[in-house]
Amino acid sequence: MNSKVRFIDLFCGIGGIRMGMEASGFECVFSADIDENCREVYQDNFGEIPEGDVSKISAKAIPDFDILCAGFPCQPFSISGKKMGFEDTRGTLFFEICRIVSEKKPKVILLENVKFLLHHDKGNTFRVIKEKLIEMGYNVSWKVMNALDFGVPQNRERIIIVATINSINSFDFETIKYGDRVNLKDGFLDSKGNFEYLEPSEYTLLPINQRVRQKSGLIFSGYRNKSIRKAGVLPNTEHLSRVHKQPNRIYSVEGTHPTLPSQETSGRFWILTNENDVRKLTIDECYRIMGFPNDFKKADKISTCYKQIGNSVCVPMFKAISIALKEKYFCKD
């Protein structure tokens, strides 16, 4: 491999993409995030303070690099947000990426966002993104990828965009090596701790024959006995997961876990254990099912931790992507 393949980490959050890229021996030469809490956690783990607002950073001041990485803000496009897209000021941050690309002309651009980006504004938003990258002289490849396929038990679908400068071949997602699918019980749960259990009167479990494993690996097993939407619900279908908001649902540890959202800052994720108890998923378990190591230094405030991990990325996914990038574009014959 050529020495010092360099990348920058824009909208870096707590560093999930960086961890995946560094696993291939790539070197991070610049990082930026507007969130002060994320910058503090990033410093604690990587020994450097990211720059702040990307829109205020001069492209010329950024060190030269080979790969631009950016998990640009997804809230403008998220199905759980207002879906305003480029009408949202955060949505325009994609064009800050373009500003830096136009100046620095990196070999590879690696972008991550929510799956709904494909469908926002009837596909027009994604079309604009592709056309802009092509206009700047890049080939564009993309794929919806799931954290489930990289050895973590979380059903987390994200669109990955890889743009390569026209002088090299387009990226082939088929070169990425996937991992085995696993379940929550497969080494991701704490064996002891100050667990928060629900009393039996606080939840209802489905009959065992109704706990069906979904294609995503999720096993919806019950729900908390809280107020649920009843308008328009057919009689005797109240148990179906579609009538319950996510924080009320209970999933078996024999299966996987739903996407960890950034909006859930109190960590209301409930699991049915093999002991037939219902408890909250701990914050350490949340980081583990995103692929973060046990020694990762977290924020002091628990609500901040839940927000940050929900905004982060699946580390093993980016490790696999970075390995494929290295083998295709940065290894000598």
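All of these numbers come straight from a predicted model, not from anything done at the bench.

**Q** Just to check I follow, could you spell out the pattern of salt bridges for this structure?
**A** When their charged atoms lie close together, side chains carrying opposite charge are able to pair. Throughout the structure, instances matching the rule amount to 18 salt bridges. A salt bridge links Glu96 to Arg99, with the shortest nitrogen-to-oxygen separation between them at 2.7 Å. Here Arg99 and Glu96 lie together in helix 3 (residues 93-104), a separation of three residues that amounts to about one turn. Looking at Glu96, the relative accessible area reads 18%, which means it is buried. Linking Arg288 and Asp190 is a salt bridge whose minimum nitrogen-to-oxygen distance equals 2.9 Å. With Arg288 in helix 5 (residues 283-288) and Asp190 in the loop between strand 7 (157-165) and strand 8 (203-205), the pair connects residues that are 98 residues apart, well separated along the chain. Linked through salt bridges whose partners overlap, the residues forming this network are Arg18, Glu22 and Glu48.

**Q** Before we go on, may I ask you to explain the side chain of Lys104 in this structure?
**A** Tracing the backbone through its elements, the reader meets Lys104 in helix 3. Once you skip the residues sitting within four places of it in the chain, Lys104 turns out to touch Ala59, Lys60, Ile62, Pro63, Asp64 and Phe65.

**Q** I'm lost on the pairing of strand 4 (residues 108-114) in this one. Help?
**A** Sheet faces and side chains relate simply in a regular strand, where the side chains alternate between the two faces. Of all seven residues in strand 4, seven are buried; the element is thus mostly enclosed. Summarising the sheet, strand 3 (residues 67-70) and strand 4 pair through four bridges and their orientation is parallel. Bridging from a neighbouring strand, Cys69 pairs with Leu110 of strand 4.

**Q** Which parts of the structure should I look at to understand the sheet that holds strand 7?
**A** Sheet strands line up and pair through hydrogen bonds in the backbone, either parallel or antiparallel. Here six strands make up an open sheet; going across it, the order is 2-1-3-4-7-5 and the pairing mixed. Each edge of the sheet is formed by a strand with only one pairing partner; in this case those strands are strand 2 (27-32) and strand 5 (138-146). The sheet shows a mean angle of 20° between the axes of neighbouring strands, direction not considered. The sheet contact formed by strand 4 and strand 7 spans seven bridges and is antiparallel. When the bridges of strand 7 are listed, Val108 appears paired with Thr164. Here helix 7 (residues 315-329) sits on the sheet and contacts strand 4, strand 5 and strand 7; the angle it forms with strand 4, its principal contact strand, is near 160°.

**Q** What's the story with the confidence of the model for the protein in this structure? I'm lost.
**A** The pLDDT averaged across the protein works out to 89; a share of 87% of its residues lies at or above 70. In this model residues 77-81 is a low-confidence stretch, pLDDT under 50, and it forms 17 contacts with partners more than four residues away in sequence or in other chains.

**Q** For this particular structure, what's the right way to read the packing of helix 3 against helix 4 (residues 124-135)?
**A** The packing of two helices is summarised by the inter-axis angle and the distance between the axes. The geometry of helix 3 relative to helix 4 is characterised by a closest axis approach of 11 Å and an angle of 10° between their N-to-C directions. Considered as vectors, helix 3 and helix 4 are oriented roughly parallel to each other. Touching Phe94, Phe95 and Cys98 of helix 3 are Val128, Ile129, Lys132 and Leu133, all from helix 4. Of the residues that constitute the contact of helix 3 with helix 4, the class distribution is six nonpolar, no polar and one charged.

**Q** Please explain helix 2 (residues 36-46) as it appears in this structure.
**A** A turn of α-helix holds 3.6 residues, and therefore any two residues three or four places apart point the same way. Residues of helix 2 that are buried: Cys38, Arg39, Val41, Tyr42 and Phe46. Relative to the axis of helix 2, the buried residues are bounded by an arc of 165° and lie together on one face. As for helix 2, its buried residues are in contact with strand 1 (6-10), helix 1 (16-22), strand 2 and helix 6 (302-311). With a side-chain oxygen lying 2.9 Å from the backbone nitrogen of Asn37, the N-terminal cap of helix 2 falls on Asp35. Immediately downstream of helix 2, the backbone of Gly47 shows phi near 75°, a positive value.

Cut-offs used in this document
- Residues numbered from 1 in each chain as written.
- Predicted model: local features only at pLDDT ≥ 70, side-chain atom pairs only at ≥ 80, totals over all residues.
- Heavy atoms only, no water.
- Salt bridge = Lys/Arg side-chain N within 4 Å of Asp/Glu carboxyl O.
- Helix = DSSP H or I, 4+ residues; strand = E, 2+ residues; numbered from the N terminus.
- Buried < 20%, exposed > 50% of the residue type's maximum accessible area, 1.4 Å probe, protein only.
- Contact = heavy atoms within 4.5 Å.
- Pairing = 2+ DSSP bridges.
- Axes fitted to C-alpha atoms, helices over the stretch in contact; angles between N-to-C directions.
- pLDDT = per-residue confidence, 0-100.
- Parallel < 35°, antiparallel > 145°, perpendicular 65-115°, else oblique.
- Nonpolar A, V, L, I, M, F, W, Y, C, P; charged D, E, K, R; others polar.
- Arc of directions from axis to C-beta.
- Polar contact = N/O pair within 3.5 Å; in protein donor to acceptor, adjacent residues only side chain to side chain.

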